[in-house]
Amino acid sequence: MSSELISSASQISKAEYQPRVSARQTIGRIWRWVFFGSTALAIVLLGMLLWSVIGPGWNWLSWGLITNPPSRFPEKAGMNPAIWGSIWIVLGSGVAAFIMGLGTAIYLEEYAEKGRFNDFIQTNISNLAGVPSIVYGLLGLVVFVDLMHMGRTLIAGVLTMALLILPVVVISSREAIRAVPPSLREASYGLGATKWQTVWNHVLPSAFPGILTGIILAMSRAIGETAPLLVVGGASQVLWRPDGPFSTFMVMPLQIYNWTGRPHEEFEHLAAAAIIVLMIILLLMNSVAIGLRQHFSRKARW
Amino acid sequence: MQLESSQEAVARIPGISAAAFQSVEKELDTSPSLIELRNLNIHYGSFHAVNDVNLSIKQNSITAFIGPSGCGKSTVLRCINRMNDLIPSARVDGEILYHGQDVNARNVDPVEVRRRIGMVFQRPNPFPKSIYENVAWGARINGYKGNYDELVEASLVRAALWDEVKDKLKDSGLSLSGGQQQRLCIARALATNPDVILLDEPASALDPISTLKIEELLRELESDYTIVIVTHNMQQAARVSDRTVFFSLNENRQGILVESGPTQKMFTNPEDPRTEGYISGRFG
């Protein structure tokens, strides 16, 4: 047995190897610069975007923009109702999508039998993530606004937006749950834990940072999304912040869209200032979420 | 009684002296059997992984499963507490009787089976929680109403880990070394008060000193628990077990049980030439 091994090993001739180490290293360096280039391009584009917004908008930034309702006069105009509308839409749809999306992900990953049906659902959810947002707006218009008689209200906007971000939440939560090592589940089952005890005590805590990342991305999308809300809600000027789920509402991207469409040049500057506010709020929201994620990922590590 | 042949066999396995065989005086064949496998067949999808295994496992003894890689010994082990339920494609036919009750019967809850038949896995897998919580959790989910501090201490003492961790019970279980983690996993299994402990190559990821500690520990646990251990290490099987079961592959690459018997007999005077070939290192 061992002599066979040796004879076959002796057939591997040293002359056949051409390591070309420096050439391989050069290829590696070229790729490094390609990757650096794409990063740099992204940063430059982002910088140009910021510049095009901050340039015209900076001088129009004021507390009034945040505290005042919209007005015909650009000096007095603000977007307080839109800010509140956006906050409610993002929080409401985030919570709704979290509950529905995480529930779906847990069911599909941990409970449902793996097989054709599961694959079918998975494919459909992935496809839903690619459906244009205006389609969700039309769905919301038909189902929530008309069929369920909600009217063009905050709750209709929240539910529509929740549907829109649901596929992303489901997909990212499933990935996070799937990334929990099987050995952790085995350890739990091996002690006589039920499925629910295993999911609640081990799978979810370990998957939570990943789930949170998905929610953060989904909520960031929700705050910037305009088209579906144009259909189900705040197309008109709203002077008051929403005071309940059935009040009319306005959101920041719609306010910006509204202002950019006006003939006066001042409103364009105002729109630029509003974009800065939108980005600051987005940044604040994301840093809170990232902080939360760090907190949880320190606790759950395997 | 068969001292000469014993010494002969021992000479074939490096690192084992005749003294390594323990419990020679134990009259194992008269002790009651706790687990009976009857006509056990296991399929993974269309692959027939384990073919017709019949085996009885004695109470308060250590049974070692040995055999070449892929012979189904871990698969058989994982059937005993229905861990194979977690693999969707696995199908188990035949009877696995525990106290005379088929664990695969319709009215038997696998959760109940696993509480009584605990398991320690190949790679140490403590929970990403504190050492204390690692031990207490299994008892908590099983509704333990006693004093948790005492339970944790008693379990860690039994697992020969207490002295090393008593001052850092709040530290993460993952901060321990591999050998300590594995003993933590044993303590965790003990804390649920099982009847049987299944160990799936518990020392294969550990250094020799940790391995020795685990083996000593198993010897101490034997009086209170029925232990089944899968091992690739024949010296380990010889050192630690009362009975040895040898699995191998048939011509269709299916796992079969070749021979089982008291460890001393298996290592010194096996009946089947395949057993002899394996333990003397001629194949596998």
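In the block above lies the structure referred to throughout.
Residues numbered from 1 in each chain as written. Chains lettered and ligands numbered in written order. Predicted model: local features only at pLDDT ≥ 70, side-chain atom pairs only at ≥ 80, totals over all residues. Heavy atoms only, no water.

Caption draft 1: The pairing of strand β10 (residues 255-262) of chain B, seen in detail. All names here are of chain B. The buried fraction of β10 amounts to six of the eight residues, a majority that puts the element mostly inside the structure. Where strand β9 (residues 243-249) meets β10, seven bridges bridge the pair, whose relative direction is antiparallel. Following the sheet pairing, Thr-244 is matched in β10 by Gly-261. Hairpin remark: β9 followed by β10, antiparallel, with five residues in the connecting loop; positive phi at Arg-253, about 60 degrees. (Buried < 20%, exposed > 50% of the residue type's maximum accessible area, 1.4 Å probe, protein only. Helix = DSSP H or I, 4+ residues; strand = E, 2+ residues; numbered from the N terminus. Pairing = 2+ DSSP bridges.)

Caption draft 2: Representation of the packing of helix α4 (residues 131-141) of chain B against helix α7 (residues 178-191) of chain B. Residue and element names in this part refer to chain B. In contact at an axis separation of 7 Å, α4 and α7 are set at 30 degrees when each is read in the N-to-C sense. Considering the angle they form, α4 stands roughly parallel to α7. The handedness of the crossing between α4 and α7 is right-handed. Residues Ile-131, Asn-134, Val-135 and Ala-139 of α4 form the contact with α7, whose participating residues are Leu-184, Ala-187, Arg-188 and Ala-191. Residue composition of the contact of α4 with α7, grouped by class: six nonpolar, one polar and one charged. (Axes fitted to C-alpha atoms, helices over the stretch in contact; angles between N-to-C directions. Parallel < 35°, antiparallel > 145°, perpendicular 65-115°, else oblique. Left-handed = near helix turned anticlockwise from the far one by under 90°. Contact = heavy atoms within 4.5 Å. Nonpolar A, V, L, I, M, F, W, Y, C, P; charged D, E, K, R; others polar.)

Caption draft 3: Representation of the packing of aromatic side chains. Throughout the structure, instances matching the rule amount to 11 aromatic pairs over all chains. Taking the centre distance of 6.5 Å and the plane angle of 5 degrees together, the rings of Tyr107(A) and Tyr111(A) count as stacked. Of this pair, Tyr107(A) and Tyr111(A) both sit in helix α4 (residues 80-111), four residues apart, roughly one helical turn. The class for Tyr107(A) is partly exposed, based on a relative accessible area of 47%. Measuring from centroid to centroid gives 5.2 Å for Tyr144(B) and Tyr148(B), while their planes differ by 90 degrees, and the two rings are edge-to-face. (Phe/Tyr/Trp six-rings, centres within 6.5 Å; stacked < 30°, edge-to-face > 60°.)

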